[in-house]
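The residues making up each chain are set out below.
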Amino acid sequence: MVDLAIIIPTFNERENIRPLLASLDAVLGDLEYEVIFVDDDSTDGTAALIRELSLTNLRVRVLQRIGRRGLASACVEGMLSTAAPCIAVMDADLQHDESILPEMLAKLCSEPLDLVVATRNAAGGSMGEFSALRIRLSDIGKRLSNGICHCSLSDPMSGFFILDRRFLEEVVHLLSGIGFKILLDLVASSRRPVRIAEVPYRFRERVHGESKLDTLVGIEYLQLLLDKKFGDFAPPQFFLFSMVGGAGALVHLSVLFVLLKLDQQSFLVSQTIATYIAMTMNFFLNNMVTYRDRRLRGAAALIWGLLSFYLACSIGAFINIRVANFIWNGGVSWYLAGAVGVVVSSVWNYAVTAMLTWRRARRNLTARPRPAPLPTGSDLSSAR
Ligand code: GDD
Ligand code: MN
């Protein structure tokens, strides 16, 4: 019977797979465990290598996802693919110290716990050679996380932990599955206090391959926080879209000021130019941030996108003015009437551009090279 499943998300980690499996074998000894890699169609042949190893190492298998990216969702799918009573999640890049796995497992089994987290921030743990900037960012992220997770985790950003599968089953339908921070997602999704213990470790340097952490990870983190906090109310994209809209309003006012006051243009000209500059900036920001997963690329797609965005937002502005005016005529104060107009047009702009400008593209399955044909029955019998 399998006691422990280790879920390992991979994206271009080919060089790390063999050393990782060797280290796991060394520390886990004769424990009954399985290793499930969840690979997002790495371009360096990670999945092919794992499949090859799995022919002789029966503990190992790979779940390859096509056309998908995301550390958290990869972990969720990996965790759901096993029946083991204890499930560990760790990175493939040898930065997580596998030698503490037996201690983590022993804790989970011997105490009434849902989760045992490997932490870099408790006595005996360390961030290792992390740059000062990464430590600062990690600190900010940690402080923000307090808003959604009512528990004391010294390292809520950790990607290294073991959980009881009953806890997973309890929260799995409530997970957001967005971005990098699966631990935080799990803990914040729980409707009751989570029973957690921590084991310190020293975060190691990455030797092979490179980190996938970039600015998008920061945006996805923000999205996770928004989804956990307000997810019952509106999708996280709506909040990003509104934030971009807020930035656009500031740009609009600045451009208006420059043209009107410094350049002595007429109000009509200044307002028109400011409107189009702000809308154009909003289009590109939304394209890069809010809808990065279905980003429009190439001149034709961008021009069509921009035009449809202008159209949707122009109608939105018209609705804004009519609604606000109607309410104001009803005797409501100017600021409330103005605010209602803004909210109604934001919802309109969001809904229409989500359908029109950034509608989900059909996947192009012919874009990839076809794999070699499978051997036919006659090939197999002649080989025998
Ligand atoms: N399947 C899949 N899909 N795997 C991914 C993806 C993805 O989109 N992005 C990254 N990974 C895999 C990497 O291959 C690696 O095994 C692991 O997830 C962590 O990615 P890194 O790029 O090495 O992240 P990091 O070292 O900067 O940060 C990690 O460790 C921190 C400390 O525990 C992450 O786990 C952080 O969330 C964590 O805070
Ligand atoms: Mn790493």
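My aim in this report is to walk through the structure given alongside it, one point at a time. Everything quoted here is computed from the prediction, not taken from an experiment. (Residues numbered from 1 in each chain as written. Chains lettered and ligands numbered in written order. Predicted model: local features only at pLDDT ≥ 70, side-chain atom pairs only at ≥ 80, totals over all residues. Heavy atoms only, no water.)

1. Comments concerning the nonpolar core
Convention followed: Here, nonpolar core means buried Ala, Val, Leu, Ile, Met, Phe, Trp, Tyr and Cys residues that are tied together by side-chain atoms lying within 4.5 Å of each other. Between buried and exposed lies partly exposed: a residue is buried under 20% and exposed over 50% of the maximum accessible area for its type, with that area taken using a 1.4 Å probe on protein chains only. Strands here mean DSSP runs of E at least two residues long; helices mean DSSP runs of H or I at least four residues long; both are numbered from the N terminus.
Grouped together as the largest cluster of nonpolar side chains are 38 residues, with contacts concentrated most on Ile6, Leu24, Phe37 and Leu101. For this core, the element with the most residues is helix H1 (residues 14-28), which contributes five residues. The next biggest cluster of nonpolar side chains, apart from the first, holds 36 residues, and it includes Leu168, Leu184, Val187 and Val194.

2. Quick notes on helix H8 (residues 215-230)
Residues separated by three or four positions in an α-helix point in the same direction, a consequence of the helix having 3.6 residues per turn. The cut-off we apply is this: To estimate the expected span of a helix, count its residues, drop one, and scale the result by 1.5 Å. Any two residues having at least one pair of non-hydrogen atoms within 4.5 Å are treated as being in contact.
With 16 residues, H8 extends 23 Å between its outermost C-alpha atoms, agreeing within 8% with the 22 Å of an ideal straight helix rising 1.5 Å per residue. Among all positions of H8, only Val217, Ile219, Tyr221, Gln223, Leu224, Leu225, Leu226, Asp227 and Lys228 are buried. Structurally, H8 contributes buried residues whose contacts are with helix H5 (132-145), helix H7 (182-189), helix H9 (236-262) and helix H10 (267-290).

3. Things to note about the pattern of salt bridges
Worth spelling out the cut-off: What counts as a salt bridge is simple: a side-chain nitrogen of Lys or Arg found within 4 Å of a carboxyl oxygen of Asp or Glu.
Using the criterion set out here, one finds 17 salt bridges in the structure. The closest approach of N and O atoms between Asp114 and Arg195, which form a salt bridge, is 2.8 Å. Remark: Arg195 occurs in the loop between H7 and strand S7 (196-200) and Asp114 occurs in the loop between helix H4 (101-110) and strand S5 (115-119); sequence separation between them is 81 residues. When its relative accessible area of 3% is taken as the criterion, Asp114 is described as buried. Exposure remark for Arg195: the relative accessible area of 39% places this residue in the partly exposed category. The salt bridge partner of Arg165 is Glu169, with a shortest N-O separation of 2.9 Å.

4. Looking at the layout of surface pockets
How we decide: Residues are called lining when one of their atoms sits within 4 Å of a cavity or pocket point, these points coming from a 1 Å grid over the protein atoms alone, where a cavity is a set in which a 1.4 Å probe fits but cannot get out and a pocket is an open set with protein on both sides within 12 Å along at least five of seven lines. Grid points are joined across faces, edges and corners, and a volume is the space filled by probe spheres set on the points. Nonpolar residues are Ala, Val, Leu, Ile, Met, Phe, Trp, Tyr, Cys and Pro. Charged residues are Asp, Glu, Lys and Arg, and all others, Gly as well, are polar.
As a volume, the second largest pocket reaches approximately 1,000 Å³. Forming the walls of the second largest pocket are 33 residues, and the residues nearest its centre are Gly245, Ala317, Asn320, Ser345 and Asn349. Mapped by element, the contributors of at least two residues to the lining of the second largest pocket are H9, H10, helix H11 (299-329) and helix H12 (334-356). Looking at which element gives the most residues to the lining of the second largest pocket, the answer is H9, with 11 residues. Of the residues belonging to the lining of the second largest pocket, the class tally is 17 nonpolar, 16 polar and no charged.

5. Considering a nonpolar patch on the surface
Going by this rule: To count toward a patch, a residue needs a relative accessible area above 30% and no salt bridge. Like charges then connect within 9 Å, nonpolar side chains (Val, Leu, Ile, Met, Phe, Trp, Tyr) within 5 Å. Reported accessibility uses the Shrake-Rupley method at a 1.4 Å probe radius. Residues are deemed covered only where the shown protein chains occlude them.
A contiguous nonpolar surface patch, about 670 Å² in accessible area, is contributed by Trp328, Trp334, Tyr335, Leu336, Val340 and Val344. The dominant element in the nonpolar patch, judged by the number of residues it contributes, is H12, at five residues. Secondary-structure assignment places Val344 in helix H12. According to the relative accessible area criterion, Val344 is partly exposed, its value standing at 32%.

6. Some details on the state of the cysteines
We count it as follows: Two cysteine sulfur atoms form a disulfide, by the criterion used here, when they sit within 2.5 Å.
One pass over the full model with this rule turns up zero disulfides. Here Cys86 stays free of any disulfide, with the sulfur of Cys109 as its closest cysteine sulfur at 4.3 Å. Classification of Cys86 as buried rests on a relative accessible area of 9%.

7. Side note on the sheet that holds strand S6 (residues 161-164)
Applied cut-off: Each pair of strands is called paired provided DSSP finds at least two bridges between the two strands. Each axis is a line fitted through C-alpha atoms, taken for helices only over the stretch in contact, and angles between the N-to-C directions span 0 to 180 degrees.
Read from one edge of the open sheet, seven strands run S3-S2-S1-S4-S6-S5-S7, paired in mixed fashion. Each end of this open sheet is capped by a strand with a single partner; those strands are strand S3 (60-64) and S7. Shown here is a sheet whose adjacent strand axes are inclined to one another by a mean of 20 degrees, direction ignored. Sheet topology places S5 next to S6; three bridges connect them, and they run antiparallel. Bridge pairing in S6 places Val116 opposite Ile162. Its contacts with the sheet place H4 against strand S1 (4-10), strand S4 (86-89), S5, S6 and S7, and it is angled at close to 25 degrees to S6.

8. Remarks on the site of ligand 1
Filter applied, for reference: Here a residue counts as near a molecule or strand whenever at least one of its heavy atoms sits within 4 Å of it. Under the rule applied, a polar contact is a pair of N or O atoms within 3.5 Å (in protein, one hydrogen donor and one hydrogen acceptor; residues adjacent in sequence only if both atoms are side-chain atoms).
Ligand 1 sits among 28 residues. The nearest are Glu13, Asp40, Arg69, Met157 and Lys212. In the model, an oxygen atom of ligand 1 is placed 3.1 Å from a nitrogen or oxygen of the Asp91 side chain. The contact in question runs from an oxygen atom of ligand 1 to an N or O atom on the backbone of Lys212, over 2.5 Å. The fraction of the free accessible surface of ligand 1 (740 Å²) that becomes covered by protein chains is 99%. For the shell around ligand 1, the secondary structure elements donating two or more residues are S1 and helix H3 (71-80). The class makeup of the residues in the shell around ligand 1 is 11 nonpolar, seven polar and 10 charged.

9. Topic: the coordination of the manganese ion (ligand 2)
Applicable threshold: Only nitrogen, oxygen and sulfur atoms qualify as donors, and only when within 2.8 Å of the metal (3.2 Å in the case of Na, K and Ca); with water excluded, sites may look incomplete.
Every protein donor of the manganese ion (ligand 2) is accounted for by Asp93 (OD) and Gln95 (OE1), and the metal-donor separations fall at 1.9 to 2.0 Å. Each member of the pair, Asp93 as well as Gln95, is classed as buried.

10. Quick notes on the packing of aromatic side chains
Put simply, the test is: A pair of Phe, Tyr and Trp rings is counted when the ring centres sit within 6.5 Å of each other, with Trp represented by its six-membered ring. The angle between the planes then sorts it: under 30 degrees is stacked, over 60 is edge-to-face, the rest tilted.
Scanning the model with the defined rule gives 13 aromatic pairs in all. Relative to Phe239, the ring of Phe238 has its centre 6.0 Å away and its plane inclined at 70 degrees; by these criteria the two rings are edge-to-face. Classification of Phe239 as buried rests on a relative accessible area of 16%. Ring geometry for Phe238 against Tyr350: centres 5.2 Å apart, planes inclined by 80 degrees, an arrangement best described as edge-to-face.

Just distances and angles here, no functional claims.
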